[in-house]
Amino acid sequence: MIRVKICGINDAAAMRAAVEAGADLVGFVFFPPSPRAVTPARAADLVQPGPARVGLFVDPSDEAVAAVLDAVPLDIIQLHGEETPARCAAVRARFGLPVMKALGIAAREDLAQLAEYAPAVDHFLLDAKAPPGAPLPGGNAAPFDWSVLAGASVPRPWLLAGGLTPENVKRAIEIAGAPGVDVSSGVEARRGVKDPALIARFVSAARA
Ligand SMILES: O=C(O)c1ccccc1NCC(=O)[C@H](O)[C@H](O)COP(=O)(O)O
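Residues numbered from 1 in each chain as written. Predicted model: local features only at pLDDT ≥ 70, side-chain atom pairs only at ≥ 80, totals over all residues.

1. Description of the overall build of the protein
Along the backbone of the protein there are 7 helices and 10 strands. The C-alpha atoms of the protein give 16 Å as radius of gyration, which agrees with the globular expectation for 208 residues (17 Å, within 12%). For the protein, the C-alpha atoms occupy an extent of roughly 40 × 40 × 35 Å along the three principal directions. Out of the 208 residues belonging to the protein, those deemed buried represent 43%. (Helix = DSSP H or I, 4+ residues; strand = E, 2+ residues; numbered from the N terminus. Rg over C-alpha atoms; globule rule 2.2 N^0.38 Å. Buried ≥ 20, exposed ≤ 12 C-beta atoms within 10 Å, placed from the backbone.)

As structure tokens, this is what we get:
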């Protein structure tokens, strides 16, 4: 079954919708400039049994990750900045949790980095590169050419991300050959505010 991650959960209705729809993973954004950001205490309040809990960080210090883990029982650490393979390996070793590394993909050449990161990480999130001038490194509703991934051998379990919506997710999965997907903007009523009905539609469209 196609794995689905709903990223940027920041209210109880969205969390409920993700659980009810059977999402496999939910993402909490610990990056204050994001309109989806949550504090550790807020994320701890939102957590519900069911989906794996992914904490999203951008070039975090060890102290920042530790402060979140003191409050929220995370299952996976997502690194969505410029973290090197060595930094990913250090985070994994220090916190004893699987690391999901987000990598921006635009062309076939971008897939070369997969081999460099594979020994240091447990999952990949293959996302669009941030458009020029975008204020955030992810969550920009930007799709990329999914055919770049067609037939690619990705050396870790992975999720496809970037501009996915209930309307395009099935086609994206087919073109990229993705075993799973991640969405943020495509299930929002407005930037930073999730729409429970769109979450339900997205999960069901991904698995249709
Ligand atoms: O979503 C954010 O606000 C965010 C902020 C900083 C770094 C990464 C961020 N999101 C990363 C994700 O995993 C998104 O779900 C992914 O980029 C897809 O986003 P979208 O294209 O909006 O569906």
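2. Observations concerning the nonpolar core
Counting 63 residues, the largest nonpolar core has Ile6, Ala18, Val181 and Ile199 as its most contacted members. Excluding anything up to four places from it in sequence, Ile199 contacts Ile6, Ala14, Ala17, Ala18, Ala21, Val187 and Lys194. (Core = buried A, V, L, I, M, F, W, Y, C linked by C-beta atoms within 7 Å. Contact = placed C-beta atoms within 7 Å.)

3. Regarding the site of the ligand
Residues in close proximity to the ligand total 28 residues, the closest being Cys7, Ser34, Gly138, Gly139 and Ser185. At the level of secondary structure, the elements contributing two or more residues to the shell around the ligand comprise β2 (25-29), β6 (123-128) and β8 (180-183). Class assignment for the residues of the shell around the ligand results in 13 nonpolar, 12 polar and 3 charged. (Near = placed C-beta within 6 Å. Nonpolar A, V, L, I, M, F, W, Y, C, P; charged D, E, K, R; others polar.)

4. Focus on the pairing of strand β5 (residues 99-105)
Burial analysis of β5 places 5 of its 7 residues in the buried class, the great majority of the element. Of the strand pairs in this sheet, strand β4 (residues 76-79) and β5 are connected by 3 bridges, and their pairing is parallel. Residue Ile77 lies in a different strand from β5, and its bridge partner there is Val99. One crossover worth recording links β4 to the parallel β5 by way of helix α4 (residues 85-95), and it is right-handed. Across 6 bridges, β5 lies against β6 in parallel orientation. (Pairing = 2+ DSSP bridges. Right-handed = clockwise from strand over helix to strand, strands pointing away.)

5. Describing the environment of Ile9
Within the fold, Ile9 resides in the loop between β1 (3-7) and α1 (12-21). According to the C-beta neighbour criterion, Ile9 is buried, with 30 such atoms within 10 Å. In this structure, the C-alpha to C-alpha distance between Ile9 and Val29, residues 20 residues apart in sequence, is 7.7 Å. Dropping the residues within four chain positions of it, Ile9 is found in contact with Ala14, Met15, Ala18, Val26, Gly27, Phe28, Leu46 and Lys194.

6. Thoughts on the UniProt feature "domain: N-(5'phosphoribosyl) anthranilate isomerase (PRAI)" (unreviewed entry) in the protein
If you check UniProt for "domain: N-(5'phosphoribosyl) anthranilate isomerase (PRAI)" (unreviewed entry), the listed places come out as residues 4-204 in our numbering. When the span residues 4-204 is considered, its composition is 30% helix and 22% strand, and the gap between its end C-alpha atoms is 10 Å. (UniProt positions renumbered as here; feature names shortened; annotations may be inferred.)

7. With respect to the confidence of the model for the protein
With 100% of its residues at a pLDDT of 70 or more, the protein has an overall mean of 97. For this predicted complex, the interface score ipTM comes out at 0.98, while the overall pTM is 0.97. (pLDDT = per-residue confidence, 0-100.)

8. A look at the packing of α1 against helix α7 (residues 196-207)
Geometry of a packed helix pair, given as the angle between the helix axes and the separation of the axes. Relative to each other, α1 and α7 sit at 25 degrees, their axes nearing to 9 Å. Of the possible angle classes, the one that applies to α1 and α7 is roughly parallel. Handedness of the crossing formed by α1 with α7: right-handed. Here Ala13, Ala14, Ala17, Ala18 and Ala21 of α1 lie close against α7, whose contacting residues are Pro196, Ile199, Ala200 and Val203. Here the contact of α1 with α7 is composed, by residue class, of 9 nonpolar, no polar and no charged. (Axes fitted to C-alpha atoms, helices over the stretch in contact; angles between N-to-C directions. Parallel < 35°, antiparallel > 145°, perpendicular 65-115°, else oblique. Left-handed = near helix turned anticlockwise from the far one by under 90°.)

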